[in-house]
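Given next are the chains, with one letter for each unit.
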Amino acid sequence: VMHRHARQWTPPAGFTRFRWDLATVLGPRARWGHWRLAAGLDDADRTWIQRAVDDIAGKLSEFGCAPERFGLVHADLRLANLMVDPTDPGGAITVIDFDDCGWSWYLADLAAAVSFIEDTPTGERIVADWLRGYREGGAIPVEDLALIPAFVMMRRINLTAWIASHHDADAAIGVGEDFAPNSARLAERYLTDPDWLHDAVFGNG
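Let me sum up the structure you'll find in this document.

Observations regarding the overall build of the protein chain
So, step 1. Scanning the protein chain for helices and strands turns up ten helices and four strands.
So, step 2. Going residue by residue from the N terminus, the α and β elements of the protein chain occur as α-α-α-β-β-β-β-α-α-α-α-α-α-α.
So, step 3. Taken against the 2.2 N^0.38 rule, which gives 17 Å for 205 residues, the C-alpha radius of gyration of the protein chain at 17 Å falls within 12% of a compact globule.
So, step 4. Relative to its full complement of 205 residues, the protein chain shows a buried share of 43%.
So, step 5. Accessible surface, the protein chain: about 10700 Å² in total, of which carbon and sulfur atoms supply 55%.
So, step 6. Averaging the locations of the 19 positively and 30 negatively charged side chains of the protein chain gives two centres separated by 4 Å.

Now the structure itself:
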């Protein structure tokens, strides 16, 4: 619903928001800082993540920023930012925390939904559930689906940078000191395991 609205909405004169694109997520002056500064990474870890960065940059550069793919997104659309009335669990969902809202790929919102749990079975289940609900509004092109692992990996790298630049934040402390090295393990899986997320993405379509 939110993406349908964003695609149909005409911004008012003077409306501005920042971008979440390759430069602002993965570039040397990325909005949340540089992932290389995350504590706990060794040289091998940095090599795996850099290889993933290069792969993602190539794929998303080719994918492009056409308006059917790239528009206004929430950019932090995860469970912590969804509210329901406990007396009406089947009622409407209220979305909060729009401070990161900006221009990006619509699939970046899917990647945000599995923030901090990208490498878990729960994360895979959320990807599958998200896509199942999204398809109720229309089909998703196969070429878009094929890039979901790239978007999820990009979000994980972005969060690794956030951990480095916000190391004293409660969320950063909560994920523990293994988060950055585990990002490298996920980068290795992203690059070497073609089955990663395959069932979640294509198994319910």
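Topic: the packing of helix α7 (residues 148-165) against helix α9 (residues 179-192)
So, step 1. In contact at an axis separation of 10 Å, α7 and α9 are set at 160° when each is read in the N-to-C sense. Compared by their axis directions, α7 and α9 come out roughly antiparallel. At the point where α7 passes α9, the crossing takes the left-handed sense. Contacts between α7 and α9 involve P149, A150, M153, R156, L159, T160 and I163 from the former and F179, A180, N182, S183, L186, A187 and Y190 from the latter.
So, step 2. Class assignment of the residues belonging to the contact of α7 with α9 gives a composition of ten nonpolar, three polar and one charged.

Notes on the pattern of salt bridges
So, step 1. One pass over the structure, following the stated rule, counts 14 salt bridges.
So, step 2. For the salt bridge of R19 with D21, the shortest nitrogen-to-oxygen distance reads 2.9 Å.
So, step 3. Taking the relative accessible area as the measure of exposure, R19 reaches 37% and is therefore partly exposed.
So, step 4. Residue D76 is joined to R155 by a salt bridge in which the shortest nitrogen-to-oxygen separation is 2.9 Å. With D76 in the loop between β1 (70-73) and β2 (82-83) and R155 in helix α7, this residue pair connects regions lying 79 residues apart in the sequence.

Some points on the state of the cysteines
So, step 1. All told, the structure shown has zero disulfides when counted by the stated rule.
So, step 2. The thiol of C65 is unpaired, and the distance to the nearest cysteine sulfur, on C101, comes to 16 Å.

Structural notes on helix α5 (residues 121-134)
So, step 1. Spanning 14 residues, α5 covers 20 Å between terminal C-alpha atoms, matching the ideal 20 Å at 1.5 Å per step.
So, step 2. Among all positions in α5, only G123, I126, V127, A128, W130 and L131 are buried.

As for the nonpolar core
So, step 1. If you look at the biggest cluster of nonpolar residues, it comprises 59 residues, and the most contacted ones within it are I56, L131, I148, F151 and I157.
So, step 2. Residue assignment for this core shows that the elements contributing at least two residues are α2 (22-26), α3 (43-63), β1, α4 (107-113), α5, α7, α9 and α10 (198-202).
So, step 3. Looking at this core element by element, the count peaks at eleven residues for α7.
So, step 4. Excluding residues within four positions of it along the chain, F151 makes contact with L60, F63, W105, L107, A108 and A111.

Quick notes on the environment of P181
So, step 1. Along the polypeptide, P181 turns up in helix α9.
So, step 2. A relative accessible area of 17% means that P181 is categorised as buried.
So, step 3. Linking P181 and A39, residues 142 residues apart in sequence, is a C-alpha distance of 8.5 Å.
So, step 4. Among all residues touching P181, those that are not within four sequence positions of it are A39, G40, L41 and D45.

Quick notes on α9
Given 3.6 residues to a turn, an α-helix orients residues that are three or four positions apart in the same direction.
So, step 1. Taking 1.5 Å per residue, 14 residues should reach 20 Å; α9 reaches 20 Å between its end C-alpha atoms and fits that length.
So, step 2. Within α9, the full set of buried residues consists of F179, A180, P181, S183, A184, L186, A187 and Y190.
So, step 3. If you follow the buried residues of α9, they end up packed against α3, α7 and α8 (170-175).

A few points about unusual backbone geometry
So, step 1. Despite not being glycine, A75 shows a phi value in the positive range, around 80°.
So, step 2. Residue A75 is classed as buried on the basis of its relative accessible area, which comes to 8%.
So, step 3. Here D97, not a glycine, exhibits a phi torsion of approximately 65°, which is positive.
So, step 4. You can see D97 is positioned in the loop between β3 (94-95) and β4 (102-105).

The rules we used
Residues numbered from 1 in each chain as written. Predicted model: local features only at pLDDT ≥ 70, side-chain atom pairs only at ≥ 80, totals over all residues. Heavy atoms only, no water. Helix = DSSP H or I, 4+ residues; strand = E, 2+ residues; numbered from the N terminus. Rg over C-alpha atoms; globule rule 2.2 N^0.38 Å. Buried < 20%, exposed > 50% of the residue type's maximum accessible area, 1.4 Å probe, protein only. Areas by Shrake-Rupley, 256 points an atom, 1.4 Å probe, with all protein chains shown as cover. Lys, Arg positive; Asp, Glu negative; His and termini not counted. Charge placed at Lys NZ, Arg CZ, Asp CG, Glu CD. Axes fitted to C-alpha atoms, helices over the stretch in contact; angles between N-to-C directions. Parallel < 35°, antiparallel > 145°, perpendicular 65-115°, else oblique. Left-handed = near helix turned anticlockwise from the far one by under 90°. Contact = heavy atoms within 4.5 Å. Nonpolar A, V, L, I, M, F, W, Y, C, P; charged D, E, K, R; others polar. Salt bridge = Lys/Arg side-chain N within 4 Å of Asp/Glu carboxyl O. Disulfide = S-S within 2.5 Å. Expected span 1.5 Å × (residues − 1). Core = buried A, V, L, I, M, F, W, Y, C linked by side-chain atoms within 4.5 Å.

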